[in-house]
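# An overview of the molecular structure
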Amino acid sequence: MTTTNDGVKLAYRVLGDGPRTVILVHGWMVSGRVWDDLVAALDLSGIRLVVPDLRGAGDSDKPASGYTIERYGRDILGLADDLDARSFVLVGHSMGGTISQWIAAHAPARVDGMLLYCPVPASGMPGFPEQALELFRNANNAGAHAAILGMACTNLSDAGRERLLAAAATVPAGCIAEAFEAWRGADFGDALAAVTAHTLVVATDDPFLPPAFLQAAIVGRIAGARLAELHGAGHYVPVERSRESAALLTAFLAGLG
């Protein structure tokens, strides 16, 4: 456990003891367990892998409020400080990708690289489908969680679905609602001009975040960023295509030197 500067205890795991610190930042309505299959397939040689549960998720504290992109970003920076990681690589999924962009834009000297799987852009999702708004805003039960997974995924196994539903069950309704508005309404796209990290964005067959949208909203706004497309998966690509996702991460880390 580590404690944030506003007194919230955050749970995290550390795997490996290599010289390069890699922080996996999970997304909305899940916990650090979303990475389990990817971690199992990942070569840990030369890296120290840090897998936190964000505030409100998993084994971390669950305060009544404070679920903003900036607050999440400052939590991750504080964790890096506690681990004496002066620089690190960020790997973000979904809202975790938004958080990673915030960190890379506001503390650019600390982020060596950034790999984003199906990330929500720093400019948010102002065109979020109207028919899905109430479901996402009020995702406070297993039926709603299952419905969202059904909308977002294209190749989710039964075991993967059960693991994601179990992770969602650890997140209180207040966190789900506040964090949803935080990532949907993110509005710091102009700050991406400050990002200096080597950046790879991974797009899939995600119905909410198609490749062309991610190209325009993220890749085109970060100097030198690249887009990779991994088809045969939906939004939860670290679960739906864990081996391929791990292979992309391994190659990305090798490219950093």
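Residues numbered from 1 in each chain as written. Predicted model: local features only at pLDDT ≥ 70, side-chain atom pairs only at ≥ 80, totals over all residues. Heavy atoms only, no water.

## Here's the deal with the pattern of salt bridges
Definition in use: By definition, a salt bridge exists where a carboxyl oxygen of Asp or Glu is found within 4 Å of a side-chain nitrogen of Lys or Arg. Note on conventions: DSSP H or I runs of at least 4 residues are helices, E runs of at least 2 residues are strands, and numbering of each starts at the N terminus. To sort residues, take the accessible area from a 1.4 Å probe on protein chains only and compare it with the maximum for the residue type: under 20% means buried, over 50% means exposed, and anything in between is partly exposed.
According to the stated counting rule, one finds 16 salt bridges in the structure shown. Notably, a salt bridge pairs Arg55 with Asp6, separated by 2.8 Å at the nearest N-O pair. Linking Arg55 in the loop between strand E5 (47–52) and helix H2 (69–82) with Asp6 in the loop between strand E1 (2–3) and strand E2 (9–10), this pair joins segments that are 49 residues apart in sequence. For Asp6, a relative accessible area of 41% corresponds to the partly exposed category. With a closest N to O distance of 2.8 Å, Asp75 and Arg71 form a salt bridge. Residue Asp75 and its partner Arg71 are located together in helix H2, separated by four residues, close to a single helical turn. Several salt bridges converge on common partners, so that one network encompasses Asp6, Arg55, Arg71 and Asp75.

## Overview of helix H10 (residues 242–256)
Applied cut-off: Helix span, expected: 1.5 Å multiplied by one less than the number of residues in the helix. This arc is built from the directions going out from the helix axis to the C-beta atoms.
In a regular helix each residue adds 1.5 Å, so 15 residues correspond to 21 Å; H10 covers 21 Å between its end C-alpha atoms and thus fits that length. Taken residue by residue, H10 has Ser242, Ser245, Ala246, Leu249, Phe252 and Leu253 as its buried positions. Down the axis of H10, the buried set is contained in an arc of 125°. They therefore lie on one face. Opposite the buried face of H10, at more than 90 degrees from it, the exposed residues are Arg243, Ala254 and Gly255. A positive backbone phi angle near 85° is found at Gly257, which sits one or two residues after H10.

## Side note on the packing of helix H4 (residues 130–137) against helix H5 (residues 142–152)
Put simply, the rule is: All axes are obtained by fitting lines to C-alpha atoms, using only the stretch in contact for helices, and the reported angles, taken between N-to-C directions, cover 0 to 180 degrees. For classification, angles of less than 35 degrees are called roughly parallel, those exceeding 145 degrees roughly antiparallel, those between 65 and 115 degrees roughly perpendicular, and all remaining angles oblique. Crossing chirality is assigned from the near helix's rotation relative to the far helix, an anticlockwise turn below a right angle marking it left-handed and a clockwise turn marking it right-handed. We call two residues in contact whenever any of their non-hydrogen atoms come within 4.5 Å of each other.
Closest axis-to-axis distance for the H4/H5 pair is 9 Å, and the angle between their directions is 140°. In terms of orientation, H4 lies oblique with respect to H5. H4 and H5 meet at a crossing whose hand is left-handed. Between H4, through Ala132, Leu135 and Phe136, and H5, the contact on the second element is made entirely by Ala144, Ala147, Ile148 and Met151.

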